[in-house]
Structure formats: C-alpha cells, structure tokens
Amino acid sequence: MKTIGTGAYSISSDYLILLTELAFERGISAADLLIDSGLPEQILFQPGVPVGHESCLKVIERFCRLTNDLGIALEYGKRMTLSKHGALGYAAQYSATMGDAALKVMRYVETRAQIFEIARASSEHHRHLTITPRFDNPVAGPFITLAFLSSVETICRTLVGSYGLTAESCIRMVCPTDLAQQNTLPHCSVIGEQRDNSLTWPADALEHPLPFFNPELETLAEQQLQNALTSLTQSGSVSGKVREILNDRLQDMPTVEHVASMLCMSAATLNRKLKADSSSFQQLKDDVRYRHAQRLLKQEDLAIDLIAEQLGYSDASNFAKAFKAWSGVSPSQYRQSA
C-alpha cells in the first residue's frame, strides 16, 4: 500500500484518526489540525493507510501547540485500545502469556508504526519496555512517546485482568513532566527527566496465563501481521530497507556493495536511489550506530569497550572519535549527563 505524505518511516492513519477525535472534543477542526502537513482531509476517512512520519509528526506537533498539555498524551494512549492497533492488538489479546504477546509486539510493531526502536529487559522483580524514537522532534516526540507507553500500560492492565488491577506500574520519560499527580492511568506513576523512555511493570503481575487465549484467532491475527510485514518490506523506501539491514548487522557492519547485493542492485544504483531519498549510505550507517550507541550508553553496567565492539568498531578509541563527531561530547561525558 502506498504511503501518504513524507517521511522514511510510516505510521498507520488509525492513530491520526484517533487524534482527530481528541482535537474535535477540544474544538479543533480537522482542517486546522492538518495545516502544513501536506495531508488531505480524506486521510481521516481511510483507516489502515500508512502515513509518512514527517507528515504525521507535523499533525501531532500542531495538536500539541494548540492544546499545550502533555497530559493529553495519557488520554490519547489510553484510547489506543487493542482494536486500535489492528491485527497487532488482536494477536496480543489472544496470546497465551504476556511473554508471547510482547514477542509479537516486538516482531510486528513496524506494521503499525515504524517510528520507535523497542527493547525489553528484565530485573529480579520487574519487566521493562524501552522505546527510543527514530526521529528528533522536541514537541511531537515526547507526546507520541508518552502516548504509546500509556497505550502499552493500558493494554497490559487489560490483558492480565485481576492480576493487574492494583499492580503499580511506572512510566519514565526523558523530557521533564509535571504529571506526578495524574489520574488518567490509575496505579501508574509518570516521572520525567529520566535516562530513557520506558514502562516498568512488577514481574509477578505478568506471569499468569492470559484470560483471552485463543490459538485459532491468535494464528489468524499473526498470519495477517506476517502478510503486512512482507508487504511493508517489499514496498518500503530504499533508505528504510538499508536501515533495516544495518540494524540487523551492527556488529559486522556490511559495506555498501554488500547491502546493494542484498537488495539485488549495484552499489552505484543504491547510492543513486539513496540520494533520491535525500540520504546516503554513510549517513544511514552513522545514524543507526549513533542511535544504538545512545541506548547502550544508558546501560551503566556495559563497558564502553564492549559497546564499541557491539557497534562494529575495532577499538574504543575509534568509537569515541565517531561518537564525539555525532554528539559533540565523548561517550563518557554522554553517559554522565544521560
């Protein structure tokens, strides 16, 4: 399916339609919301259509500037119920366990929104989900990030049923927030100025069989997701495909010739197509490494030598030189300020 609007990543139009509902309740018209986005109003009558992330973020930024209330993101996320996530939501709903549901989200989230990198982690008593935006927008970024974490929190509480009624969860945000007293998400703390954007749940609330498990419907939903993922891979932009390859091969970063061969074209053709996407192979490689470096440096127990190795650098000094060129500070300085 063709992507509407601009941007290398796509987001389902379902999320824009839902945002329009919130805007309408606050006296904001669809036409006003779509100003400068390049999107036609017809998009709001077309569910399930991929929208370019730059156009989508302009709509979200417009909403944020008109409402000036980050707390609305919690309500927005809470309204992103299982059905609003399409087949992905149903696949999670009909899974046997929260672990199975989480794996499906990790595997197929890009069929709904490609704007985040998602990572899971475990500690003795908690489970953590971290999302890192693949874009830089100081207005729309915190809003959509908080909304998606709010959605996951709401869905987790729905899926675990009675086990999660009073479980204490926590949403952490990098940006400052004044939402410590929020009551949109009961039993959930929202705190700002943290090291990452994440959701934490007590492990014992997530370790029970899910009440809606249905293997037939689970399989049907997963088949739809696999078809959507295949279609997405085949129709995605060249820069998006290159980025996907590089993300999968961080430790053994391929050359432009190798990537071109994987995409059944010459290196010259690949470079030409990337230029048409307003990108280059080196830019993509640097961006992929930088974003992963930022995430890894937030893990204090991970040595910088090991991070350099995971990112495909021959030694830590080469990694440090590259990181300073990207960020203006050394890896150690970034870690101290993160």
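Refer to the structure printed above.
What you are looking at is a predicted structure, and each value in this text was computed from that prediction instead of being measured.

Rules behind the numbers
Residues numbered from 1 in each chain as written. Predicted model: local features only at pLDDT ≥ 70, side-chain atom pairs only at ≥ 80, totals over all residues. Heavy atoms only, no water. Helix = DSSP H or I, 4+ residues; strand = E, 2+ residues; numbered from the N terminus. Polar contact = N/O pair within 3.5 Å; in protein donor to acceptor, adjacent residues only side chain to side chain. Contact = heavy atoms within 4.5 Å. Buried < 20%, exposed > 50% of the residue type's maximum accessible area, 1.4 Å probe, protein only. Expected span 1.5 Å × (residues − 1). Arc of directions from axis to C-beta. Salt bridge = Lys/Arg side-chain N within 4 Å of Asp/Glu carboxyl O. Pairing = 2+ DSSP bridges. Axes fitted to C-alpha atoms, helices over the stretch in contact; angles between N-to-C directions. Core = buried A, V, L, I, M, F, W, Y, C linked by side-chain atoms within 4.5 Å.

**A word on the side chain of serine 37**
- If you trace the backbone, serine 37 turns up in the loop between helix H2 (30-33) and strand S2 (50-52).
- Within the structure, serine 37 has its side chain in polar contact with the backbone nitrogen of leucine 39 (distance 3.1 Å).
- If sequence neighbours within four positions are ignored, serine 37 has contacts with Ser55, Lys58 and Val59.

**Regarding the environment of glutamate 61**
- Relative to the helices and strands, glutamate 61 is located in helix H3 (residues 53-67).
- For glutamate 61, a relative accessible area of 22% gives the class partly exposed.
- Separated by 104 residues in the primary sequence, glutamate 61 and leucine 165 place their C-alpha atoms 33 Å from one another.
- Ignoring sequence-local partners within four residues, the contact set of glutamate 61 consists of Asn137, Val139 and Ala140.
- At 3.2 Å, the side chain of glutamate 61 and the side chain of asparagine 137 are in polar contact.

**Observations concerning helix H14 (residues 316-327)**
- Relative to the 16 Å expected for twelve residues at 1.5 Å per residue, H14 spans 16 Å between its end C-alpha atoms, a close match to the ideal helical length.
- The complete set of buried residues in H14 reads Phe319, Ala322 and Phe323. An end-on view of H14 places all buried positions within 100 degrees of arc, on one side of the element. Along H14, the residues that are exposed and aim more than 90 degrees away from the buried face are Lys321 and Ala325.

**Considerations on the pattern of salt bridges**
- Inspection of every chain in the model, using the stated rule, returns 15 salt bridges.
- For the salt bridge of glutamate 61 with arginine 65, the shortest nitrogen-to-oxygen distance reads 2.8 Å. Taken together, the residues span about one helical turn, with glutamate 61 and arginine 65 both in helix H3 at a distance of four residues.
- Where arginine 79 meets glutamate 75, a salt bridge forms, and the shortest distance between an N and an O atom there is 2.6 Å.

**Comments concerning the sheet that holds strand S6 (residues 188-191)**
- Read from one edge to the other, the open sheet built from five strands follows the order S3-S4-S7-S5-S6, with strand pairing classed as mixed. The open sheet has two edge strands with one neighbour each: strand S3 (116-122) and S6. Across this sheet, the average inter-strand angle for adjacent strands is 15 degrees, counted without regard to direction.
- Across three bridges, strand S5 (residues 169-172) lies against strand S7 (residues 198-202) in antiparallel orientation. Residue pairing for S7: arginine 172 is matched across the bridge by serine 198.

**Describing the environment of threonine 219**
- Position of threonine 219 relative to the elements: it lies in helix H8 (residues 215-235).
- With 125 residues separating them along the chain, threonine 219 and tyrosine 94 place their C-alpha atoms 8.9 Å apart.

**Observations regarding the nonpolar core**
- Counting residues in hydrophobic clusters, the biggest one holds 58 residues, and the most contacted among them are Ile60, Tyr76, Phe143 and Ile171.
- In terms of residue count, helix H7 (residues 140-160) provides more of this core than any other element does, eleven residues in total.
- Non-local contacts of phenylalanine 143, meaning those with residues more than four positions away in its chain, are made with Leu19, Ile60, Phe63, Cys64, Asp69, Leu70, Ile72, Ala73 and Tyr76.

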